[in-house]
Amino acid sequence: MTQLQATTYEFNAENPAESVSGISDNVIQIGAFGFNYLIPAEGEMYSASLAYSMDVDWGPVENVYFFNDFSYIDPDGAFSAINSSYGNMDDPMLNDIGIKLTAGRYYAWFDVVINKNGLNYVGSPVDDGWHTSVQSRFGLTC
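A quick note: this is a predicted structure, and the numbers were derived from the prediction, not measured.

Procedures and definitions
The numbering scheme is per chain: residues are counted from 1 as the chain's sequence reads. Only residues with pLDDT of at least 70 are given local features in this predicted model, and only at 80 or more are side-chain atom pairs given and counted; all residues enter the totals for whole chains, interfaces and linings. Hydrogens and water are ignored here; the side-chain numbers use all heavy atoms of the structure. Patch rule: a residue counts if its relative accessible area is over 30% and it has no salt bridge; like charges are joined within 9 Å, and nonpolar side chains (Val, Leu, Ile, Met, Phe, Trp, Tyr) within 5 Å. For the area figures, the Shrake-Rupley method with a 1.4 Å probe applies, and any residue is considered shielded solely by the protein chains shown. Here, a salt bridge means any Lys or Arg side-chain nitrogen found within 4 Å of an Asp or Glu carboxyl oxygen. To qualify as a helix, a DSSP run of H or I must reach at least 4 residues; to qualify as a strand, a run of E must reach at least 2; elements of each kind are numbered from the N terminus. Throughout this description, buried means an accessible area under 20% of the type-specific maximum (1.4 Å probe, protein chains only), exposed means over 50%, and partly exposed covers the range between. Here the rule is simple: two strands pair whenever DSSP picks up at least two bridges between them. What we call a nonpolar core is a set of buried Ala, Val, Leu, Ile, Met, Phe, Trp, Tyr and Cys residues that are connected through their side-chain atoms within 4.5 Å. Contacts: residue pairs with any heavy atoms within 4.5 Å of one another. Each axis is a line fitted through C-alpha atoms, and for a helix only the stretch in contact is used; angles between axes span 0 to 180 degrees, taken between their N-to-C directions.

Draft legend 1. The arrangement of a nonpolar patch on the surface in detail. Nonpolar side chains collect at one region of the surface, where Tyr-106, Phe-138 and Leu-140 lie side by side and expose about 330 Å² of accessible area between them. The topology assignment puts Leu-140 in strand 8 (residues 130-140). Given a relative accessible area of 39%, Leu-140 falls into the partly exposed group.

Draft legend 2. Layout of the pairing of strand 4 (residues 42-58). Across nine bridges, the pairing between strand 1 (residues 2-10) and strand 4 is antiparallel. Considered in strand 4, the bridge of Glu-10 is made with Glu-42. Pairing of strand 4 with strand 5 (residues 61-75), which is carried by 14 bridges, proceeds in the antiparallel orientation. Bridge pairing in strand 5 places Gly-43 opposite Pro-75.

Draft legend 3. Broad picture of the nonpolar core. Of all hydrophobic cores here, the largest spans seven residues; its members are Tyr-9, Ala-13, Ile-28, Tyr-37, Ile-39, Ala-41 and Ile-73. Beyond its immediate sequence surroundings of up to four residues, Ala-41 is in contact with Tyr-9, Glu-10, Phe-11, Asp-25, Asn-26, Val-27 and Ile-28.

Draft legend 4. Examining the sheet that holds strand 4 more closely. Strand order in the open sheet formed by six strands is 1-4-5-6-7-8, with antiparallel pairing between adjacent strands. Strands with a single pairing partner mark the edges of an open sheet, and in this sheet they are strand 1 and strand 8. Geometrically, the sheet is characterised by an average inter-axis angle of 15° between neighbouring strands, direction not taken into account.

Draft legend 5. Highlighting the environment of Pro-60. Here Pro-60 lies in the loop between strand 4 and strand 5. Judged by relative accessible area, which is 62%, Pro-60 ranks as exposed. Spatially, the C-alpha atom of Pro-60 lies 8.3 Å from that of Thr-102, the residues being 42 residues apart in sequence. When residues no more than four places from it in sequence are discounted, the contact partners of Pro-60 are Thr-102, Ala-103 and Gly-104.

What follows is the structure in structure tokens.
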């Protein structure tokens, strides 16, 4: 499976006063996996995904799903996720490569996340350098 996406977006953020919150109206706060981070309120986002699903007979494991997801944000204007004000940060990029194993109604996935200015994704630094983290999750489908 291959997926490509290009999105232009614009949010009219109305954050609490920057002098109180430290968050300007040029960012919005989003989150995933228990972490929140700031993204530009306006820009373009590009993503590409490759995936392959393979049925297997490995004891209880019925399916292995391989994936690679890449995303890139091109902020409209200067942006900084560190202090949420107008800064001059390189465009955030994130690549997530991994596998998901399915056994009946249970599943687990393991992935390696590589990012540059990854918007503090899962606690990653925002310093124009490339950073890597290893993630794993377990779930139950009811």
